[in-house]
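Each chain, letter by letter, is given below.
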Amino acid sequence: MLCLNSKEVRQLLHNKFVVILGDSIQRSVYKDLIQLLQSDSLLTSSQMKSKGEFSFENDHLIEGGVLDGLHNGIRYREVRQYRTRYHLVRFYFLTRIYSEYFESILGDFRAGPQPDVLILNSCVWDVSRYGSSSMMEYRKNLEVAFNKLDAELSPSCLVIWNMTMPLGPRIKGGFLIPELQHLSQTLRRDIIEGNFYGATLAALHLFDVVDLHFHFRFDVGNRGKDGIHWNNVVHRRITKLLLTHLANAWGVVIPEKNPSGEQRKAIGLLAAPKNIIGHAKSCRRDYEDTDGFLERPTPTTGWLSKERKYLGLESPGRRPCGGVVAGWRSPSSYWGTSGLASKHGEAGAQQTCGQDVVKKVKMAATVEQLELLPFLMDVTLNVRDGLLLASLWPPS
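- In the nomenclature of an unreviewed UniProt entry, the protein is known as PC-esterase domain-containing protein 1A of Pantherophis guttatus.
- Looking at the protein in UniProt, the text filed under Sequence similarities (unreviewed entry) is "Belongs to the PC-esterase family."

Next up, the structure:
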């Protein structure tokens with residue numbers, strides 16, 4: 001992940017039209033992006049909690065919000081736009097991935113201009129507010145929406161599907177009306193299932209997928225008390241993840257900056273401790289306004305290099321196996337909820353890497369140690385009746 005400043009972001013998005021579709025999490029993604037286009041400061045807690053306001057950091061409310069009245073119903077609308085001479089960023093609030101309202105958004109695209117980047121996500125509302133068969137309808141709506149995007153968008157448009165962030169064990173929020181409070185303890189599991197369907201279909205349509213659920217699965221200390229929303233530090237990291245993805249997709253080379261002394265000192269935290277749950281609880285902290293706050297990396301930062309070192313897969317002259325573990329950076333990497341499998345690499349390389357991983361897995365002494373290993377590209381781990389099984393993916 002690149003550490004971009006405001007000037008570099010303005011250069012990267014010069015003459016680009018960026019559209020963001022989604023719920024309140026994606027609205028904060030939009031707000032942090034236009035904040036970074038103007039300055040390096042983080043969002044304040046009040047800015048993140050506000051919705052439907054007339055103006056935020058020189059943007060404008062185009063439709064919905066306070067113009068139509070604020071509410072938590074499935075027909076809530078909010079369209080925002082930030083525009084300068086060289087930048088255009090627009091946000092549409094969605095409560096369902098496909099609906100008549102989604103068709104109206106496609107009509108905006110047909111009328112022009114066509115977006116250069118489309119970042120979208122919709123899952124939490126879809127699987128909680130539309131009845132007992134909401135998951136099945138969500139799968140159908142995903143396919144319809146992706147087919148529509150394929151037909152309407154320009155081939156040059158970069159489409160990024162953001163996977164839904166991890167939810168807390170107990171959910172409380174405006175969207176979860178009193179009639180649906182029984183879902184507060186099961187919704188986090190529904191999200192994992194929805195993430196699988198969304199990421200798999202997006203990859204099959206050759207959309208890019210960014211697995212935010214994987215990236216922030218251990219950052220529970222940065223999640224809000226409602227179990228849904230996240231603080232400004234996490235949202236700045238999300239923005240930088242997306243911008244790094246854009247730079248890689250467009251072939252833009254941005255020189256990495258020298259890490260600060262505090263970041264170098266924190267390198268020891270990059271390897272996850274044995275008691276990851278206890279460590280996460282000890283690192284809990286509440287944020288208000290954190291301008292000038294230097295983030296302390298979490299144990300999962302830079303996990304890719306650490307996992308390979310732990311497994312012995314990084315050595316001079318040795319070819320690493322597979323594609324990308326945690327990011328779904330390639331459209332051809334799919335089939336899994338956390339970068340579980342990859343179509344990259346030759347069969348021989350996959351077989352060799354698979355044998356090495358099986359050997360390492362058999363050497364692991366406890367289930368806890370296995371849980372610290374990320375889901376690898378070509379290996380699935382199963383724990384059943386106390387037995388540790390490793391099998392190559394896909395099954396023959």
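## Structural notes on the pattern of salt bridges
Point 1. Applying the stated criterion across every chain, the model contains ten salt bridges.
Point 2. Between Glu53 and Arg80 there is a salt bridge, with its nearest N and O atoms 3.8 Å apart. Taken together, the residues span a long stretch of sequence, with Glu53 in the loop between helix H3 (45-49) and strand S2 (60-64) and Arg80 in strand S3 (residues 78-83) at a distance of 27 residues. Residue Glu53 shares its accessibility class with Arg80, and that shared class is buried.
Point 3. One continuous salt-bridge network, built from bridges that share partners, spans Arg27, Lys31, Glu53, Asp59, Glu78 and Arg80.

## Regarding the packing of helix H4 (residues 100-111) against helix H5 (residues 134-152)
Point 1. Two elements in contact, H4 and H5, have axes whose closest approach is 11 Å; the angle formed by their N-to-C orientations is 10°. When the axis of H4 is compared with that of H5, the two are roughly parallel. Along the contact surface, H4 presents Phe102, Glu103, Leu106 and Arg110, while H5 presents Ala145, Lys148, Leu149 and Glu152.
Point 2. Residues belonging to the contact of H4 with H5 are distributed by class as follows: four nonpolar, no polar and four charged.

## Remarks on the confidence of the model for the protein
Point 1. Summarising the model, the protein shows a mean pLDDT of 75, and 64% of its residues fall at 70 or more.
Point 2. Across residues 283-396 the pLDDT falls below 50, and counting only partners more than four positions away or on other chains, this stretch makes 207 contacts in the model.

## What about a nonpolar patch on the surface?
Point 1. A cluster of nonpolar side chains, contributed by Phe54, Val66, Leu67 and Leu70, occupies part of the molecular surface with about 370 Å² of accessible area.
Point 2. When you line up the elements, Phe54 lands in the loop between H3 and S2.

## Remarks on unusual backbone geometry
Point 1. Of note, the bond from Gly112 into Pro113 is cis; its omega dihedral lies within 30 degrees of zero at 0°.
Point 2. Its place among the elements puts Pro113 in the loop between H4 and strand S5 (117-120).
Point 3. Even without being glycine, Glu57 reaches a positive phi, approximately 45°.
Point 4. Turning to its location among the elements, Glu57 is positioned in the loop between H3 and S2.
Point 5. Owing to a relative accessible area of 29%, Glu57 belongs among the partly exposed residues under this scheme.
Point 6. A positive phi angle is found at Asn58, which is not glycine, with a value near 70°.
Point 7. Residue position: Asn58 is located in the loop between H3 and S2.

## What to know about the sheet that holds strand S4 (residues 87-93)
Point 1. Taking strand neighbours across the sheet as the criterion, the seven strands line up as S2-S3-S4-S1-S5-S6-S7 in an open arrangement whose pairing is mixed. Strand pairing shows two members of the sheet lacking a second neighbour, S2 and strand S7 (208-210), which therefore form its edges. Strand-to-strand twist in this sheet, taken as the mean axis angle between neighbours without regard to direction, amounts to 20°.
Point 2. The pairing of S3 with S4 spans five bridges and is antiparallel. Considered in S4, the bridge of Val79 is made with Tyr92.
Point 3. Sitting on the sheet, H4 touches strand S1 (16-22), S2, S3, S4 and S5, and the angle it makes with S4 is about 165°.
Point 4. Contacts from helix H8 (residues 232-250) reach S1, S5, strand S6 (158-162) and S7, with the element oriented near 150° to S6.

## Observations concerning the packing of aromatic side chains
Point 1. All told, the structure shown has nine aromatic pairs when counted by the stated rule.
Point 2. Ring centres 5.2 Å apart and planes at 85° place the aromatic pair Tyr76 and Phe93 in the edge-to-face group. A residue pair is termed long-range when its members are at least 10 positions apart, and Tyr76 in the loop between S2 and S3 and Phe93 in strand S4 qualify at 17 residues. Here Tyr76 matches Phe93 in class, with each residue buried.
Point 3. Between Phe216 and Trp230, the aromatic rings sit 6.3 Å apart at their centres with planes inclined by 55°, giving tilted as the arrangement. Placement of the pair is Phe216 in the loop between helix H7 (212-215) and H8 and Trp230 in the loop between H7 and H8, with a sequence separation of 14 residues. Taken as a pair, Phe216 and Trp230 share a single burial class, namely buried.
Point 4. Feature note: the residues Tyr30, Tyr76, Phe91, Phe93 and Trp125 constitute an aromatic cluster, connected by ring pairs.
Point 5. Residue placement shows Lys16 over the ring face of Trp250; its charged tip is 4.6 Å from the ring centre.
Point 6. Directly above the ring of Tyr101 sits Arg77, whose terminal nitrogen or CZ lies 4.1 Å from the centroid.

What counts and how
Residues numbered from 1 in each chain as written. Predicted model: local features only at pLDDT ≥ 70, side-chain atom pairs only at ≥ 80, totals over all residues. Heavy atoms only, no water. UniProt positions renumbered as here; feature names shortened; annotations may be inferred. Salt bridge = Lys/Arg side-chain N within 4 Å of Asp/Glu carboxyl O. Helix = DSSP H or I, 4+ residues; strand = E, 2+ residues; numbered from the N terminus. Buried < 20%, exposed > 50% of the residue type's maximum accessible area, 1.4 Å probe, protein only. Axes fitted to C-alpha atoms, helices over the stretch in contact; angles between N-to-C directions. Parallel < 35°, antiparallel > 145°, perpendicular 65-115°, else oblique. Contact = heavy atoms within 4.5 Å. Nonpolar A, V, L, I, M, F, W, Y, C, P; charged D, E, K, R; others polar. pLDDT = per-residue confidence, 0-100. Patch = residues over 30% accessible without salt bridge, like charges linked within 9 Å, V, L, I, M, F, W, Y side chains within 5 Å. Areas by Shrake-Rupley, 256 points an atom, 1.4 Å probe, with all protein chains shown as cover. Pairing = 2+ DSSP bridges. Phe/Tyr/Trp six-rings, centres within 6.5 Å; stacked < 30°, edge-to-face > 60°. Lys NZ or Arg CZ within 6 Å of the ring centre and 35° of its normal.

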